[in-house]
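# Overview (structure and organization)
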Amino acid sequence: MSLFSVDQKKCNRDGICVAECPMRIIRMASSEDYPKPTSDADQYCITCGHCVAVCPQGALSLNWLTPDDCPTVRQDMALTAEQVEQFLRSRRSIRTFKDQPVERDKLEKLIEIAGYAPSAKNQQPWHWLIVEDTGEVRRLAGMVIDRLRGVIQKNREFAESAGFIRVVKAWESGEERICRGAPHIIIAHGDENWAFGPEDCALALDYLSLFAPTLGLGTCWGGYFYTSVNQHPPLFEALGLPADHRAYGAIMVGYPKFKYQRLPRRNPPRVVWK
Ligand SMILES: Cc1cc2nc3c(=O)[nH]c(=O)nc-3n(C[C@H](O)[C@H](O)[C@H](O)COP(=O)(O)O)c2cc1C
């Protein structure tokens, strides 16, 4: 079966699908012709679905995606610039969580939304490990502390500059700064050889963390956590990640204990115009 088909009763030959296809695998021999796949289309299609999503007539169907599979973009739901600015500026890293687990359906929704992030070649390379058991989050945080202690012993100067000594001291006095007492941690991992793994997974985690407040949830990147997964084999094994994967990011999730009241300032941008 051909990669896509065009309903000639609907197609007005406007060439939008040809112009928008990222891989340039849709062609029209002339403005009188209907769009057709190039001979190498199956090989190069990145399954982004843009051709189906962009056609104003709903004339083009991929062999795995029809216009009916794709909800219409609701123009009446478009946000104002002011709304989006407040939304983006009010997302905060949360470090004090309620002692309350997050419902499974909310965690599933976060992962679903993360999957709409951009990724190089639309590879969507992320795999997700959700540590749902709060006791296990604490145990894993303890393993991160083991790693930090090892680094402190080997290279105290680096450990000091990386903040490890303060974090370990806090742990010893009963304060958990690795996962900040969050009930859950979500780890994005993927093939260690995928060149865009760090960017793709960071973007997916960002989608997740931007969406989380709409479900009443707070998040915080777990920098100590995910770097330790890659540096400390016992932790990697405890998570059960595939041997040829690496952790590309981790994020704590839970219900925030406090509500932020103001939008803090950020540095002025460093920009060069040429
Ligand atoms: C890659 C990365 C790693 C981070 N690691 C940690 C961490 O281990 N612990 C923590 O409390 N915050 C961590 N953060 C959160 C940053 O400290 C936070 O984003 C920054 O202070 C700005 O605050 P905001 O997110 O509320 O705007 C991390 C953020 C990023 C992007």
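Once a new chain begins, its residue numbering starts again from 1 and follows that chain's sequence as written. For a predicted model such as this one, the threshold for reporting local features is a pLDDT of at least 70, and the threshold for listing and counting side-chain atom pairs is 80 or more; totals across whole chains, interfaces and linings nevertheless cover every residue. Excluding hydrogens and water, the side-chain figures rest on all heavy atoms present in the structure.

In what follows, salt bridge is the name for a side-chain nitrogen of Lys or Arg lying within 4 Å of a carboxyl oxygen of Asp or Glu. Taken as a whole, this structure holds 10 salt bridges when the rule is applied. For the salt bridge of E112 with K109, the shortest nitrogen-to-oxygen distance reads 3.4 Å. With E112 and K109 both in helix 5 (residues 104-114) and 3 residues apart, the pair spans about one turn of that helix. Each residue is placed in one exposure class: buried if its accessible area under a 1.4 Å probe, protein chains only, is under 20% of its type's maximum, exposed if it is over 50%, and partly exposed if it falls in between. According to the relative accessible area criterion, E112 is partly exposed, its value standing at 40%. A relative accessible area of 31% places K109 in the partly exposed class. Of the charged contacts, one joins E172 and R149 as a salt bridge, the two residues approaching to 3.1 Å between their closest N and O atoms. Remark: R149 occurs in helix 6 (residues 134-154) and E172 occurs in helix 8 (residues 164-172); sequence separation between them is 23 residues. Here E172 falls in the exposed class, since its relative accessible area comes to 53%. By relative accessible area, which is 32% here, R149 ends up partly exposed. Counted as one network, the salt bridges with shared partners bring together D146, R149 and E172. Each helix is a run of DSSP H or I of at least 4 residues and each strand a run of E of at least 2, with the numbering of both proceeding from the N terminus.

Glancing now at the packing of aromatic side chains. A pair of aromatic rings is counted whenever rings of Phe, Tyr or Trp (Trp by its six-membered ring) have centres within 6.5 Å, and the orientation is called stacked for planes under 30 degrees apart, edge-to-face for over 60 and tilted otherwise. What the rule picks out here adds up to 4 aromatic pairs. Each ring, one from W194 and one from F196, has its centre 5.6 Å from the other, and the planes form 65°; the classification is edge-to-face. On the accessibility criterion, F196 (41% relative accessible area) is partly exposed. Judged by centre distance (5.7 Å) and plane angle (65°), the rings of W221 and Y226 are edge-to-face. Relative accessible area serves as the criterion here: at 33%, W221 is assigned to the partly exposed category. An aromatic cluster is defined as three or more aromatic residues linked by ring pairs; in this entry it consists of F158, F164 and Y224.

This brings us to the packing of helix 6 against helix 10 (residues 223-231). Running from amino to carboxyl end, helix 6 crosses helix 10 at an angle of 70°, the nearest separation of the two axes being 10 Å. Relative to helix 10, helix 6 is oriented roughly perpendicular. The interaxial crossing formed by helix 6 with helix 10 has left-handed handedness. Between helix 6 and helix 10, the residues in contact are L140, V144, R147 and L148 and Y224, F225, T227, S228 and Q231, respectively. Between N-to-C directions, angles span 0 to 180 degrees; the directions come from axes that are lines fitted to C-alpha atoms, helices contributing only their stretch in contact. Angular relationships are summarised with four words: roughly parallel below 35 degrees, roughly antiparallel beyond 145, roughly perpendicular across 65 to 115, and oblique for the angles in between. Crossings are assigned a handedness: left-handed for a near helix turned anticlockwise from the far helix by less than a right angle, right-handed for a clockwise turn. Contact between two residues is taken to exist if any of their heavy atoms lie within 4.5 Å; hydrogens are not considered.

Our focus in this paragraph is the side chain of D33. Within the secondary structure, D33 sits in the loop between strand 2 (26-27) and strand 3 (36-37). Take D33: its relative accessible area is 17%, and that puts it in the buried class. Polar contacts, as counted here, are pairs of nitrogen or oxygen atoms within 3.5 Å of one another; within protein the pair requires one atom able to donate a hydrogen and one able to accept it, and residues that are adjacent in sequence qualify only if both atoms are side-chain atoms. A distance of 3.2 Å separates a polar side-chain atom of D33 from the backbone nitrogen of A29. With residues up to four places along the chain from it excluded, the contact list for D33 reads R13 and M28.

In this structure, S61 sits in strand 4 (residues 60-62). For S61 and Y34, which are 27 residues apart along the polypeptide, the C-alpha to C-alpha distance reads 13 Å. Those residues within four positions of S61 in sequence are excluded, and the remaining contacts are L3, F4, S5, V52, T66 and P67.

This part is about the site of the ligand. Around the ligand, the structure places R91, R92, S93, R95, R180, C220, W221, G222, G223, Y224 and R266. For the ligand, an oxygen atom lies 2.5 Å from a polar atom in the side chain of S93. The separation between a nitrogen atom of the ligand and a polar main-chain atom of W221 is 3.4 Å. Broken down by secondary-structure element, the contributors of at least two residues to the shell around the ligand are strand 7 (218-221) and helix 10. Of the residues assigned to the shell around the ligand, the class counts are 3 nonpolar, 3 polar and 5 charged. If even one non-hydrogen atom of a residue comes within 4 Å of a molecule or strand, that residue is called near it. Under the grouping applied here, Gly and all other residues not named as nonpolar or charged are polar, the nonpolar ones being Ala, Val, Leu, Ile, Met, Phe, Trp, Tyr, Cys and Pro and the charged ones Asp, Glu, Lys and Arg.

Attention now goes to the packing of helix 6 against helix 8. Contact pair helix 6 / helix 8: the axes reach a minimum separation of 10 Å and the direction vectors enclose 135°. Considering their axes alone, helix 6 and helix 8 lie oblique with respect to each other. When you trace helix 6 past helix 8, the crossing you get is left-handed. Residue-level inspection shows R138, A141, G142, I145, R147, L148, R149, V151 and I152 of helix 6 in contact with helix 8, the latter providing F164, I165, V167, V168, W171 and E172. For the contact of helix 6 with helix 8, the per-class residue count stands at 10 nonpolar, 1 polar and 4 charged.

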